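Observations on the model geometry
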Amino acid sequence: MGQTIQTVCVCGAGTMGSGISQIAAQKGFHTILYDVNKGLIEKAEAVLEASLQQLLVKNKITAIEKADTLSRLRFTHDINDCLADIVIEAIVEKASIKTALFNQLAELNHSDVIFATNTSSLAVTDIARQVMRPERVAGMHFFNPAPVMKLVEVVSTPYSNEHTIQTIIELARQLGKTPVLCKDSPGFIVNHVARPYYLEALKLVEQGIGDYETIDTLLEATGFKMGPFRLMDLIGNDVNYAVSCSVYEQLGSPKRLRPSWLQKERVDKQELGRKTKKGYYGYE
């Protein structure tokens with residue numbers, strides 16, 4: 001049995017952090033959404049209100065449920081407000097920054113607080129070993145969009161104790177998610193398996209064999225819910241490319257998993273997909 005969670009602190013007010021905080025508040029948890037960037041926090045507050053309003057219009061929640069959800073949400077850019085039973089970080093994909101955040105929060109919180117990283121590809125073990133009491137650190141990898149996608153990868157490290165893992169698994173279930181336990185490894189399960197889906201599609205375009213829309217249409221016709229290019233635009237080319245680089249480097253740079261220059265070109269141009277209104281497709 002894990003510990004009882006009453007308050008959840010989500011660090012990082014980007015797409016993933018906002019989505020995780022929305023579902024936590026909807027499911028009845030007191031939720032703190034923190035970001036060092038005050039402007040990003042203000043934007044997240046407006047986005048969350050709009051998201052809940054959309055659910056209300058679609059009759060998926062009631063006006064009372066919307067009001068209750070918002071009442072359980074606290075938006076802050078002051079790290080001293082980050083007092084909770086579990087901290088889920090969804091900040092920039094740099095291990096040193098994640099580690100520094102966890103250690104700073106460890107000094108503010110009680111000794112039993114659990115630290116979960118939403119990293120999609122970084123080694124959770126490397127993060128844990130640098131955090132005070134690493135046995136309370138594990139991965140809790142949500143998928144985009146967090147309020148909709150059911151899967152959560154719960155990533156254990158050699159340091160993680162059973163209490164930490166069971167608490168995260170139980171929390172995932174309380175959030176209406178399907179937790180899958182996996183050991184820390186490059187890309188975990190989903191992102192490891194998914195690399196060829198993206199990389200082979202990118203190679204086809206690089207070699208002039210097919211274009212974005214043709215490849216997407218064909219793969220969607222075979223049963224995939226989204227083609228690789230539409231999916232990369234949804235995830236964000238910066239995020240997807242960073243995962244490809246991370247898995248490639250951690251596995252010893254195998255030729256078959258070499259990141260695509262075509263995707264790097266998109267990242268360099270800040271054509272990241274839906275969030276910048278342009279990626280492989282336009283979203284104006």
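The text that follows walks through the structure, step by step, so that each part is easy to find. It should be emphasised that the depicted structure is a prediction, and the values quoted were computed from it without experimental measurement.

Rules behind the numbers
One numbering rule holds for all chains: residues counted from 1, following each sequence as written. In keeping with the predicted nature of the model, local features appear solely for residues at pLDDT of at least 70, side-chain atom pairs appear and are counted solely at 80 or more, and the whole-chain, interface and lining totals rest on all residues. To get the side-chain values, take all heavy atoms of the structure and skip hydrogens and water. In this scheme, a residue with accessible area under 20% of its type's maximum is buried, one over 50% is exposed, and one in between is partly exposed, where area comes from a 1.4 Å probe on protein chains only. Elements are defined by DSSP. Helices are runs of H or I of four residues or more, strands are runs of E of two residues or more, and each kind is numbered from the N terminus. DSSP-based pairing: two strands are paired if at least 2 bridges between them are found. Orienting the strands away from the viewer, one traces the path from the first strand over the helix to the second; a clockwise path indicates a right-handed crossover. By definition here, a salt bridge exists when the distance from a side-chain nitrogen of Lys or Arg to a carboxyl oxygen of Asp or Glu is within 4 Å. Lines are fitted to the C-alpha atoms to define the axes, a helix being fitted only along its stretch in contact, and any angle between axes, read from their N-to-C directions, falls within 0 to 180 degrees. Comment on the angle field: the value is read as roughly parallel under 35 degrees, roughly antiparallel over 145, roughly perpendicular from 65 to 115, and oblique elsewhere. In a left-handed crossing the near helix is turned counterclockwise from the far helix by less than a right angle, and in a right-handed crossing that turn is clockwise. Contacts are assigned to residue pairs with any non-hydrogen atoms lying within 4.5 Å of each other. Ten residue types, Ala, Val, Leu, Ile, Met, Phe, Trp, Tyr, Cys and Pro, are classed as nonpolar, four, Asp, Glu, Lys and Arg, as charged, and the remainder, Gly among them, as polar. A pair of aromatic rings is counted whenever rings of Phe, Tyr or Trp (Trp by its six-membered ring) have centres within 6.5 Å, and the orientation is called stacked for planes under 30 degrees apart, edge-to-face for over 60 and tilted otherwise.

Digging into the pairing of strand 4 (residues 86–89)
- Residues I86 and I88 point to one face of strand 4 and V87 and E89 to the other, with burial holding for every one of them.
- Pairing analysis gives 4 bridges linking strand 1 (residues 7–11) to strand 4, with the strands arranged parallel. Pairing of V10 across the sheet is with I88, part of strand 4.
- The sheet contact formed by strand 4 and strand 5 (residues 114–117) spans 4 bridges and is parallel. Bridge pairing in strand 5 places I88 opposite A116.
- Each parallel crossover has a hand, and the one from strand 4 via helix 4 (residues 95–108) to strand 5 is right-handed.

A few points about the pattern of salt bridges
- Taken as a whole and judged by the stated rule, the model has 13 salt bridges.
- Residue R74 is joined to D81 by a salt bridge in which the shortest nitrogen-to-oxygen separation is 3.2 Å.
- We classify D81 as buried; its relative accessible area is 19%.
- We note a salt bridge from D238 to K275, for which the minimum N-O separation is 3.0 Å. A residue pair is termed long-range when its members are at least 10 positions apart, and D238 in helix 10 (residues 237–250) and K275 in the segment after helix 11 (261–268) qualify at 37 residues.

What to know about the packing of helix 10 against helix 11
- For the pair helix 10 and helix 11, the least separation of the axes is 9 Å and the interaxial angle reads 135°. In terms of orientation, helix 10 and helix 11 fall into the oblique class. With respect to the hand of their crossing, helix 10 and helix 11 are arranged in left-handed fashion. Across from N237, D238, N240, Y241 and S244 in helix 10, the residues of helix 11 making contact are Q263, K264, R266 and V267.
- Of the residues that constitute the contact of helix 10 with helix 11, the class distribution is 2 nonpolar, 4 polar and 3 charged.

Topic: the packing of aromatic side chains
- One pass over the structure, following the stated rule, counts 6 aromatic pairs.
- Ring geometry for F229 against Y280: centres 5.0 Å apart, planes inclined by 75°, an arrangement best described as edge-to-face. Residue F229 is located in helix 9 (residues 228–235), and its partner Y280 is located in the segment after helix 11; the two are separated by 51 residues in the primary sequence.
- Its relative accessible area of 0% is what places F229 among the buried residues.
- Of the aromatic side chains, those joined through ring pairs into one cluster are Y197, Y198 and F224.

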